[in-house]
Amino acid sequence: MLLRVLALARIMFLDGLRRHALLGIVSLAIAAEAFGLLFMDFFGRDIGRASSDYLFSVMWMAGLLFLFFHAVQVISWDEERGAIYALLSRPISRSEYVLGVFVGLSALLIALLLLLGPVAYLTLLWIKKSLASVYFPELSMSHFLLAWAGVLAMQIVILAIIMLFSGLVRGGFPVLLLSASYYAICSGLPVVRASTAQHDGQGLNLLLQLMTALFPDFSRLDFKDEVLTASLSLDTAIIFTNFSVAILYACVMVSLACWFYARRDLQ
Amino acid sequence: MKSALWLASVMTAYACVFLLQESSATHEKYELSPTLPVQMQQATLGYFQQLGAEMLHIKSAVFLGGTPSGIDHESYVDNLADHFDAAATLHPKLLDTYYLAESSLSWINSDSVRRANHVLGKGIEARPDQWVLSFFAGFNSFYYLKEHDAAAEHLQRAAAVEGAPRWVGHLASVIAGRGGDIYGGLIWLRAMLADEEDPEVREFYENDIRMFENALTVQQALEQYEQRHGALPSNLDQLVPEFVPAIPDVGPDFILAYEDQSLRMMRP
Amino acid sequence: MVVSYNQVQKTYPKQLGEQAKTALKGISFHLAQGETLGLIGPNGAGKSTTIRLLLDFIRPDQGKILLFGEPPGNPAQRRRIGYLPEVPSFPPNLTCMDVMRFAGDSCHMDRSAMHVSAEKWLTRLGLWEARNRLLRGFSKGMKQRASFAMALLHDPELLILDEPMSGLDPIGRAEIVDLIRELKAEGKSVLFCSHLLNDVERLVDRVLVLHEGMALFHGSIDGLVTVSGQGMEDAFLSLVKGRA
């Protein structure tokens, strides 16, 4: 099974890697990261923080562009073009197909972030070296890696959801709409929870908690603020728990995607 | 040929209409567009929250950098304060928000000072390592709002931060005294003396402590007078000699002032 | 039996703005080992549906399908099948060798065996020189031949060919006809779907005529001609028109 999944993942990876649109996203993202050297000029005090926020936002945006303009359409493209028949006429199950697509797209996402991450870090190093220490006192590589891993984990979760929606509905556009709506709910739900936390309604708070299980709070994987600290402000156990929740959530969603896709007629 | 003529005429028509539009457009009113409610921004920005705060900072800075001379500052101050409030909520750790808020809001009117302090409060909570934010709040309370108690509290908090200059703590004591909290000022001076190793600075603190202790005897005399007579005296001479042998000398650095039935340590 | 259909029915569910469509109305047929069966019928007869059911792309509403004696839901059975779709399509940014490698890996072929087989079939089909070109630059005929190579790579027992001559010039068609004859001679079972009745007549042992989801005839070519007393094309037309 692993060999078949990896075989499919390989062609998904190669196909994505050679897409001009994705090369465009990479070029745009690198240019945007280089712009960080100018972005810092807008700030007079917390230059390190502003630069770090900007660079991580660029990585996040590049990943979102990849997810919402490429990943949402992969399965629907295969179906619309008929490539799905060539692929599934091989001894590959529907579940292995979904897993293969997921692994291939994850590999592309990791490749994207492996390219943008070092560029971002080197940009931050350059900025730090060009300033007095009061404007950029601390830059921790391990904490940078933690924040980078947080970005990757969030994007893998969104990719898992895209797989689920791709397994449920036909067509790239409906998957895009559903995925965008999902992301909007995930962004807004913590704000609602914070607003209602002071009220006594236990039922409402419980409902919102259950909804958070379905629409995870991405801010729990946002470690941007830690990049500029010498020591972590969060407990390691909490960080480990947050990553574990993300990984398990992605596993559940991909498993559901496999289950639904295995039961669907291909058209 | 026809298509070239068509293209030329359409482009000419566009240029004419555009110039007409530009000539009728007025740019008299220099204004800052309002910001969305912060909860809406939090919900929509998601991972970009911090970047959203930085964009609000840039927007505010660009606006302030271009204000024409003679502009009515009160026309934009509420809107500007909303921007800083939103930025501080979205990204409480960004220092630039607080520096810009302090420099642009605190001097306009008393409401804007309070809003500046409200914004600074978020920074004080998020960045307890930054003494300067409490110092800003203390300065605003002392200089603009004349709220000495609040000012002393802010400055004491600033002085307690590691790396804060020594003069901040001393300033807190002086302002506490000026505000009528002589006992609070004295406690703070004694705490600073306990931590100080430099003999010259120690002498400086010891001198101030003596002056504050002298003033405290008058404070205690006032309390005793009130206990006896049910009201505070109208002037300090009424305390002599029954409650205090003489009004002590607290100079040359201070003078004792009795204003609004409150004893204060003022600078001469 | 390699393939067996027994009273298979399939209805496509109602879509927005469309009626539900019954594509197969209880058809039955079989394909024996080493046999070549031609699947013919006008557009919308149910030929593609029949093939898709066999490959588990869709599932029947009623009836029973057996592939190598088992229901077609087990993907491992497709190790024994080579499928040539009507419209060959691949992820566009792959090369021919990428697709061959994927086909080999999916069947757990040894890498060296895969290379030998890929070279054999790509050379036979005139694509060896173009093996490292991106498929999006291939003509329709080249894609058809690449798809054929992919179907033959792992030496399958059953070939399902859906319009194998589509997009080929007369020389290419003749080459494919020769190839299919060779594969038949090797003992492979072939399910062959085509609109070109001349090719069907030349290659198949038996024929299944479909029209509007029903099997009008299942038997030998001679039987079809004998029943109607006409040539194959006339026999086919009279069957279909008689039913229409």
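This section reports on the structure supplied with the text.

Definitions and limits used
Residues numbered from 1 in each chain as written. Chains lettered and ligands numbered in written order. Predicted model: local features only at pLDDT ≥ 70, side-chain atom pairs only at ≥ 80, totals over all residues. Contact = placed C-beta atoms within 7 Å. Nonpolar A, V, L, I, M, F, W, Y, C, P; charged D, E, K, R; others polar. Axes fitted to C-alpha atoms, helices over the stretch in contact; angles between N-to-C directions. Helix = DSSP H or I, 4+ residues; strand = E, 2+ residues; numbered from the N terminus. Parallel < 35°, antiparallel > 145°, perpendicular 65-115°, else oblique. Pairing = 2+ DSSP bridges.

We now examine the interface of chain B and chain A. Listed as interface residues are 17 residues of chain B and, on the opposing side, 19 residues of chain A. Among the residues making up the side of chain B that touches chain A, the classes are represented as 9 nonpolar, 5 polar and 3 charged.

Our focus in this paragraph is the packing of helix α4 (residues 77–90) of chain B against helix α6 (residues 110–126) of chain B. All names here are of chain B. Across the interface, α4 lies against α6 with an axial gap of 9 Å and an inter-helix angle of 5 degrees. With respect to α6, the axis of α4 lies roughly parallel. On the side of α4, the interface is formed by V77, A81, F84, D85, A88 and T89, while α6 contributes S112, R115, H118, V119, K122 and G123. Here the residues of the contact of α4 with α6 sort into 5 nonpolar, 4 polar and 3 charged.

Residue and element names in this part refer to chain C. Spatial strand order, β2-β1-β4: 3 strands in an open sheet with antiparallel pairing. The open sheet has two edge strands with one neighbour each: β2 (21–31) and β4 (62–67). Within the sheet, the average angular offset between the axes of one strand and its neighbour, ignoring direction, is 25 degrees. Sheet topology note: the strand β1 (residues 3–12)/β4 ladder contains 5 bridges and is antiparallel. In the strand pairing of β4, V3 is matched with L67. Contacts between helix α1 (residues 47–54) and the sheet are confined to β1, β2 and β4, with β1 contributing the most and set at about 115 degrees to the helix.

On the chain A side, the residues contacting the 27 residues of chain C number 22 residues. Listed by contribution, the elements that provide at least two residues to the side of chain C that touches chain A are β5 (81–84), α2 (96–106) and α4 (140–152) of chain C. For the side of chain C that touches chain A, the element with the most residues is α2 of chain C, which contributes 5 residues. Looking at the side of chain C that touches chain A residue by residue, the classes come out as 17 nonpolar, 5 polar and 5 charged.

Sheet strands line up and pair through hydrogen bonds in the backbone, either parallel or antiparallel. Residue and element names in this part refer to chain C. A sheet is described by the order of its strands in space; here 6 strands give the open sequence β5-β6-β7-β3-β8-β9, paired in mixed fashion. Edge positions in the sheet fall to β5 and β9 (214–220), since each of these pairs with one other strand and no more. Strand-to-strand twist in this sheet, taken as the mean axis angle between neighbours without regard to direction, amounts to 15 degrees. Judged from the 4 bridges that link them, strand β3 (residues 36–40) and strand β7 (residues 189–193) form a sheet pairing that is parallel. Paired with L37 across the bridge in β7 is L191. Along the sheet, α4 makes contact with β5 and β6 (158–162), crossing β5 at roughly 170 degrees.

Everything listed here is a matter of coordinates, which is why it stays silent on function.
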